[in-house]
Amino acid sequence: MADPEPSWEWYRTFLQVMETGSLSAAARAMGLTQPTVGRHVDSLENALALKLFTRSFDGFKPTEAALELQPYAAGLASTAAALRRVASSHGSGVRGTVRLTASEIVGVEVLPPILSALRSAHPQLTIELVLSNAADDLLHREADIAVRMFQPTQEALVARRIGAVELGLYAHKRYLAAHGVPKSMDDLAGHAMIGFDHETPFLRKMQAQFPVFARPGLAFRADSDLAQLAAIRAGFGIGACQVGLAARDKSLVRVLQPKFSPALDTWIAMHEDLRESPRCAATFAALAAGLTRYIQSGG
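Conventions adopted
- Residues numbered from 1 in each chain as written.
- Predicted model: local features only at pLDDT ≥ 70, side-chain atom pairs only at ≥ 80, totals over all residues.
- Heavy atoms only, no water.
- Patch = residues over 30% accessible without salt bridge, like charges linked within 9 Å, V, L, I, M, F, W, Y side chains within 5 Å.
- Areas by Shrake-Rupley, 256 points an atom, 1.4 Å probe, with all protein chains shown as cover.
- Salt bridge = Lys/Arg side-chain N within 4 Å of Asp/Glu carboxyl O.
- Buried < 20%, exposed > 50% of the residue type's maximum accessible area, 1.4 Å probe, protein only.
- Helix = DSSP H or I, 4+ residues; strand = E, 2+ residues; numbered from the N terminus.
- Expected span 1.5 Å × (residues − 1).
- 1 Å grid on protein atoms, 1.4 Å probe; cavity = no way out; pocket = protein on both sides within 12 Å on 5 of 7 lines; lining within 4 Å.
- Points joined across faces, edges and corners; volume = space filled by probe spheres on them.
- Contact = heavy atoms within 4.5 Å.
- Nonpolar A, V, L, I, M, F, W, Y, C, P; charged D, E, K, R; others polar.
- Polar contact = N/O pair within 3.5 Å; in protein donor to acceptor, adjacent residues only side chain to side chain.
- Core = buried A, V, L, I, M, F, W, Y, C linked by side-chain atoms within 4.5 Å.
- Axes fitted to C-alpha atoms, helices over the stretch in contact; angles between N-to-C directions.
- Parallel < 35°, antiparallel > 145°, perpendicular 65-115°, else oblique.

**Thoughts on a nonpolar patch on the surface**
A cluster of nonpolar side chains, namely Val-108, Leu-129 and Leu-131, defines an oily patch on the protein surface of about 210 Å² accessible area. Its relative accessible area of 33% is what places Leu-129 among the partly exposed residues.

**Some details on the environment of Leu-274**
Of note, Leu-274 is situated in the loop between strand S11 (263-271) and helix H11 (278-297). With 188 residues separating them in the primary sequence, Leu-274 and Val-86 have C-alpha atoms 9.6 Å apart.

**Remarks on H11**
Relative to the 28 Å expected for 20 residues at 1.5 Å per residue, H11 spans 28 Å between its end C-alpha atoms, a close match to the ideal helical length. Among the residues making up H11, those that are buried are Arg-279, Cys-280, Ala-282, Thr-283, Phe-284, Leu-287, Ala-288, Gly-290, Leu-291 and Tyr-294. Directly after H11, the chain includes Gly-298, whose backbone phi takes a positive value near 70°.

**Focus on the layout of surface pockets**
Reported here for the largest pocket is a volume of approximately 1,000 Å³. In this structure, the largest pocket is lined by 39 residues; those nearest its centre are Asn-133, Phe-196, Phe-202, Asp-225 and Leu-264. Those elements that provide at least two residues to the lining of the largest pocket are strand S3 (96-102), helix H5 (104-109), strand S5 (145-148), strand S7 (194-195), helix H8 (201-209), helix H9 (225-233) and strand S9 (239-242).

**Examining the environment of Tyr-11**
One can find Tyr-11 in helix H1 (residues 8-20). Sequence-wise, Tyr-11 and Lys-205 are 194 residues apart; in three dimensions their C-alpha atoms are separated by 40 Å. Once residues lying within four places of it in the same chain are set aside, the contact partners of Tyr-11 are Pro-6, Leu-44, Leu-48, Ala-73 and Leu-76.

**What about empty space enclosed by the protein?**
All told, the structure shown has 1 cavity of 30 Å³ or more when counted by the stated rule. Approximately 50 Å³ is the volume found for the largest cavity. Lining the largest cavity, in full, are Val-106, Val-110, Met-149, Val-165, Gln-242, Thr-266, Leu-291, Tyr-294 and Ile-295. Partitioning the lining of the largest cavity into residue classes produces 7 nonpolar, 2 polar and no charged.

**Focus on the side chain of His-172**
You can see His-172 is positioned in strand S6 (residues 157-172). The buried category is assigned to His-172, whose relative accessible area is 9%. For His-172, the side chain forms a polar contact with the side chain of Ser-251, separated by 3.4 Å. Apart from residues no more than four positions distant in its own chain, His-172 is found in contact with Ile-232, Arg-233, Gly-235, Ser-251 and Leu-252.

**Considering the nonpolar core**
Membership of the largest hydrophobic core comes to 37 residues, with the highest contact counts inside it found for Leu-111, Ile-145, Ile-268, Leu-287 and Leu-291. The dominant element in this core, judged by the number of residues it contributes, is H11, at 7 residues. Ignoring anything within four residues of it in the chain, the contact list for Leu-291 reads Val-110, Leu-111, Ile-114, Val-147, Ile-162 and Ile-268.

**Some thoughts on the packing of helix H2 (residues 23-30) against helix H3 (residues 34-48)**
Packing of H2 against H3 brings their axes to within 8 Å, and their N-to-C directions diverge by 110°. Taken together, the axis directions place H2 and H3 in an arrangement best described as roughly perpendicular. Residue-level inspection shows Leu-23, Ser-24, Ala-26 and Ala-27 of H2 in contact with H3, the latter providing Gln-34, Val-37, Gly-38 and Val-41. Along the lines of polarity and charge, the residues of the contact of H2 with H3 split into 5 nonpolar, 3 polar and no charged.

**Description of the pattern of salt bridges**
Scanning the entire structure with this criterion turns up 8 salt bridges. Residues Arg-254 and Glu-166 are paired through a salt bridge, measuring 2.9 Å at the closest nitrogen-oxygen approach. Taken together, the residues Arg-254 in strand S10 (residues 252-255) and Glu-166 in strand S6 connect sequence positions 88 residues apart. By relative accessible area, Glu-166 is classed as partly exposed at 33%. We note a salt bridge from Arg-215 to Asp-197, for which the minimum N-O separation is 2.7 Å. On the criterion of sequence distance, the pair formed by Arg-215 in the loop between H8 and strand S8 (220-221) and Asp-197 in the loop between S7 and H8 is long-range, its members being 18 residues apart.

What follows is the structure, encoded as structure tokens:
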């Protein structure tokens, strides 16, 4: 008898074991029993005639075959999730689930009031918000709509530039009272600077223009925008912050304006196939209006 066609549930379990590294952890995450997870893995291995994991002292290690299969299984997961979102939207009016992706700082500090107003206008709408600085793939439906601080380059996207978000250097007034206010960019070398831990192409460009943000000179390093903002608010040192966000906190003081005032382009994008979707069209319009107000009002 031929091996059965692999079930989607087997691939789902496979991805969870890949992520967690053990049957027990995958079982807890999925709400299944460990024997059930084990059977899913065994069934998938038998159906594909491949060894996907090897046991080791610290859990399940993926084989080379598993690593090659992982992106395809992840694609199935994205497609299945998109299918559920589309199915949930059928009916009259704006309804169903919209999956958004945005950076940490925008998702936590900027979008909540915009999404709250959207939900009040459309009570049958459900929002899934993914906080990530990575560029989720809209073409493969990892998200329906993305708010990005750079121009999307993928084809088959509906993209709208909202405007530019100005950045400034800020510190808590308590820090400046203790350490003094820098009068020039060179003065920053004597201050506790807050910045990123790992470099990206964008950060390398920033460092070329403003060498004070080179990693070795930073007193506080974090790849989380929220952690950096929290450090600024706590009086740790001086760091970059969106001008609109800083304006909400009267204890934060801007320094070295206009010597440091770079701007981040802000875009909204979605797959062109979603243009006629009521749930996505309403969300896209609400994001565009809300982010435009945020940029124009300075917070």
